[in-house]
Amino acid sequence: MRTLFEKYPKEKRYTLSILQDLQKQYGYIPKDKLIELSQYMGIPLSRLYSMATFYKALSLKPKGKYIIKVCDGTACHIRSSKTILDEIENTLGIKPGETTDDGKFSLETVNCLGSCAIAPVMVINNKYYGKLTSSMVREILKEYGGADDE
Amino acid sequence: MMSRTVYVCCGTGCLANNSMDVYKQLKKLAQKYEADVEVKTIVKATGCNGLCEKGPLVKIQPDNICYSKVKPDDAEEIVKRTLMNGEIIDRLLIYDTALKRRVISHKDTDFYKCQMKIALRNIGEIDPANIDEYMERGGYKALRKALFQMTPQDVISEIERSGLRGRGGGGFPTGVKWRQCSKFQNFPKYVICNGDEGDPGAFMDRSIMEGDPNTVIEGMTICAYSINSNRGFIYIRDEYSLALNNMNNALNQARERGLLGKNILNSGFDFDIEIVRGGGAFVCGESTALMQSIEGNVGEPRAKYIRSVEKGLWGQPTVLNNVETWANIPEIIMKGSDWFCSIGTENSKGTKVFSLVGKVKNTGLVEIPMGTTLRELVYKIGGGIIGDKKFKAVQTGGPSGGCIAEDLLDLPVDFDSLKEAGSMMGSGGIIVMDERTCMIDVARYYLSFLSEESCGKCVACREGIKRMLEILTDICDGKGIEEDLELLESLCHTVEEASLCGLGKTAPNPVLTTLKHFRNEYYAHIIEKRCPAGVCPELTAYEIDKKLCKSCGLCAKNCPASAILGKRGEAYSINTQLCIKCGNCIDSCRFNAVKVKKEVGK
Ligand SMILES: Cc1cc2nc3c(=O)[nH]c(=O)nc-3n(C[C@H](O)[C@H](O)[C@H](O)COP(=O)(O)O)c2cc1C
Ligand code: SF4
Ligand code: SF4
Ligand code: FES
């Protein structure tokens, strides 16, 4: 773990970078790592907490195996991203920011993914799906093994 | 022997459409067949070409052929017919709806013809991973010119005379900012590129950083020379992985060539740039919050009694500009301020890049001279509204901007006229809306975005936005009352006045402009209890017009609730009990037979 920290000089301005690296490595920021970081940098834990909650890219909760990001950027919104979101919420029984109990899926909304031409868009672990309709979403989720109890 | 070059667009939009597979397949097959034919093919990956709607795009030079919607399976045919024999494959050409025929080069379409590329001059033409290609197209000549033929004062005067205004939203004159900063003799000084791009519906800055990172580096270095700074930062949000990658790579190559670092090009001038990854908070796009974030703090804005040009990053004099602003600098230095001034309107010179999205046929990245009308933008470049539905509004300026209605379509797009119309230039998102867009829902959308993004420092911003959002939600849910409109208006003014930074100050804009231009739609929701666009579920019912229904069954196939019943040969009908109001049917019917009911029986 030290090595992850030591890539950066012990300066306050690298805190966000280290938190981002932790997020990438674990998919979230584990509490013990946060404590370690606080000791390493000599920064109060409360300050690290407020950073981890302020920045959208950071999460203090573990994420599922498949992270579904539904674009709710403006272009997607007016091309009915809400319907897509509703479909996923109903099928998986989770809301944005939540993870299914089996740890399989996490649902998030994001802003513009730069693919407005194929709005509405969602991304599952870096794979893009565009021009979505609710029936397509249902099919796609099935491929990932969601909603098989229906 | 004829050598052909193949360019595959690998901008974010095309990548999402599998352009990487197309690229790999073309590259593989081109290599495979090269042995027995005398055609040399270089497959290059480029940044966004702009015409994302038709992606993935594949361009072939020198024939000037552009293929659209290319699939990996098309690669074989492209290599064999076009690359080896120069034949054109008709079915892959772009169909221009205005000309009603297929065109060979993308440059023949109205989409391109009405544009003028300055900031985007290299994008789609070069491989962003290769600095040599940037240099072949004149890159870093402006830096040479500045370092060896101009004094720092000359550089600043040139930028001042060009009339260039910041492209990140506010439109502050760039030269004036540099001039002010140059006067402070307090070192070190810093140069910052704002690549945060928080507007939830825009991707211009990202495309520039992905497709032509060197222009940003060159622009920043020229500024650094003029204000005597040795250190720069580029703030890019962490989600923009391709932009981060390409920028990092470009910085390394520039250092290797002696274009960055110590003693640049043996001029004795030192300057280097570091990338800072942003954490994805909208307010961090605000200049003072961004500096806080670079310093390693929570990104909260501060009051600007003392401006950043005097006390910015770590309390030192700092120039901060937007990505697109930087991309304009090398061209202005090379071609001169007179040239730049000849483009645009009285007080807004040059061009502006927009991401043109929403209910428009040609979605994409466009660059137009200032002063182009919204009508040209939507109908000529954009090709009109999808499905030839009725135009309703354009929204500019992102969450801080406003909606502009049909009667202002002939408005020339520049900083001042947009402001007069109650909206603003913003960073360049243009969202086209049609009759199926509910304006109350749009206002609510922006407020819900802003209420999440408010840093919470000012009570008016934090609580005011939340309260307005509640009222709008009530209206969309059919619980609105007439007094709400007055309350909304007064809240707007409070939030505007009592907020510290631009986020709060402009947050009421989406509400104020919709109240002004689309008041009837508010009344329809509040008094008639219906949503004319058919978006708000509580206030919407759909019906199928029996006369128009051709009994194709498409709506029934697309209905997730199995609410549409009917038989071939008979008109279909909707069971309102089962309908979940998703709107799939209305959007899928090709005969416009599905309608939003005029009366919603409660
Ligand atoms: C809430 C808020 C968000 C902003 N977001 C951005 C942004 O994402 N990108 C940007 O370039 N400017 C943004 N700005 C404007 C910056 O504060 C600043 O004016 C601009 O980057 C200056 O560069 P320019 O003069 O080249 O436009 C934002 C301003 C506010 C108030
Ligand atoms: S106006 Fe809003 S976002 Fe800006 S400083 Fe105040 S609370 Fe924060
Ligand atoms: S709105 Fe959706 S649920 Fe209702 S009839 Fe149409 S497709 Fe079916
Ligand atoms: S708004 Fe969804 S990709 Fe742009």
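Just above sits the structure.
Predicted, not measured: the structure shown is a model, and the values here were computed from it.

## Quick look at the interface of chain A and chain B
One widely used convention gives an interface's size as the accessible area the parts lose upon coming together. On the side of chain B, 54 residues touch chain A, which itself brings 40 residues to the contact. Across the chain A/chain B interface, buried area totals approximately 3,600 Å², and carbon plus sulfur atoms make up 50% of it. Per-residue buried area on chain A facing chain B is highest for Arg13, Thr74 and Ile78 of chain A; these three make up 19% of the total on that side. Linking chain A with chain B are four salt bridges. Among the salt bridges present, the one from Asp21 of chain A reaches Arg277 of chain B, with a minimum N-O distance of 3.0 Å. For the pair chain A and chain B, the interface holds 26 residue pairs in polar contact (both at pLDDT 80 or more). Broken down by secondary-structure element, the contributors of at least two residues to the side of chain A that touches chain B are α2 (15-26), α4 (45-54), α5 (74-78), α6 (81-92) and α7 (134-143) of chain A. Top element by residues in the side of chain A that touches chain B is α2 of chain A. It accounts for six residues. When its residues are assigned to classes, the side of chain A that touches chain B shows 15 nonpolar, 14 polar and eleven charged.

## Examining the sheet that holds strand β7 (residues 190-195) of chain B
Residues and elements named next belong to chain B. If you walk across this open sheet you meet the four strands as β9-β8-β7-β10, and the pairing is parallel. The open sheet has two edge strands with one neighbour each: β9 (272-278) and β10 (318-322). For this sheet, the mean inter-axis angle between neighbouring strands, taken without regard to orientation, is 20 degrees. Relative to β9, strand β8 (residues 231-237) runs parallel, the two sharing seven bridges. Across the sheet, Ile236 pairs through a bridge with Arg277, a residue of β9.

## Focus: the site of ligand 1
Residues and elements named next belong to chain B. Not every one of the 18 residues close to ligand 1 is listed here, only the nearest: Gly168, Gly198, Asn321, Asn322 and Thr325. Taking Arg167, its main chain carries an N or O atom lying 3.3 Å from an oxygen atom of ligand 1. Within the side chain of Asn322, a nitrogen or oxygen atom sits 2.8 Å from an oxygen atom of ligand 1. Burial of ligand 1 by the protein amounts to 87% of the accessible area it has alone, namely 610 Å². Breaking the shell around ligand 1 down by element, the ones donating at least two residues are β10 and α20 (502-506). The element contributing the most residues to the shell around ligand 1 is β10, with three residues.

## A closer look at the packing of aromatic side chains
Enumeration according to the criterion identifies 17 aromatic pairs over all chains in this entry. For the pair Phe269 of chain B and Phe271 of chain B, a centre-to-centre distance of 6.4 Å together with 10 degrees between the ring planes defines the contact as stacked. Look at Phe269 of chain B and you get buried, because its relative accessible area is 8%. Site record: aromatic cluster; members linked through ring pairs are Tyr66, Phe105 and Tyr144 of chain A.

## Re the nonpolar core
It is characteristic of soluble globular proteins that their nonpolar side chains tend to be buried jointly. Counting residues in each nonpolar core, the largest one holds 79 residues, and the members touching the most others are Trp178, Val216, Met220, Phe271 and Trp326 of chain B. In terms of residue count, helix α10 (residues 213-227) of chain B provides more of this core than any other element does, eight residues in total. Those residues within four positions of Met220 of chain B in sequence are excluded, and the remaining contacts are Val191, Ile192, Cys193, Gly232, Phe233, Ile234, Phe271, Ile273 and Trp326 of chain B. One finds Met51 of chain A together with Ile465, Leu488 and Cys536 of chain B within the second-largest nonpolar core, a separate group that totals 64 residues.

## Quick look at helix α22 (residues 519-526) of chain B
Within the sequence span of α22 of chain B, burial applies to Glu521, Tyr522, Ala524, His525 and Ile526 of chain B. In this structure, the buried side of α22 of chain B is in contact with β13 (391-396), α17 (439-453), α18 (459-476), α19 (483-498) and α21 (509-517) of chain B.

Rules used in this analysis
- Residues numbered from 1 in each chain as written.
- Chains lettered and ligands numbered in written order.
- Predicted model: local features only at pLDDT ≥ 70, side-chain atom pairs only at ≥ 80, totals over all residues.
- Heavy atoms only, no water.
- Contact = heavy atoms within 4.5 Å.
- Buried area = accessible area lost by both parts, 1.4 Å probe.
- Salt bridge = Lys/Arg side-chain N within 4 Å of Asp/Glu carboxyl O.
- Polar contact = N/O pair within 3.5 Å; in protein donor to acceptor, adjacent residues only side chain to side chain.
- Helix = DSSP H or I, 4+ residues; strand = E, 2+ residues; numbered from the N terminus.
- Nonpolar A, V, L, I, M, F, W, Y, C, P; charged D, E, K, R; others polar.
- Pairing = 2+ DSSP bridges.
- Axes fitted to C-alpha atoms, helices over the stretch in contact; angles between N-to-C directions.
- Near = heavy atom within 4 Å.
- Areas by Shrake-Rupley, 256 points an atom, 1.4 Å probe, with all protein chains shown as cover.
- Phe/Tyr/Trp six-rings, centres within 6.5 Å; stacked < 30°, edge-to-face > 60°.
- Buried < 20%, exposed > 50% of the residue type's maximum accessible area, 1.4 Å probe, protein only.
- Core = buried A, V, L, I, M, F, W, Y, C linked by side-chain atoms within 4.5 Å.

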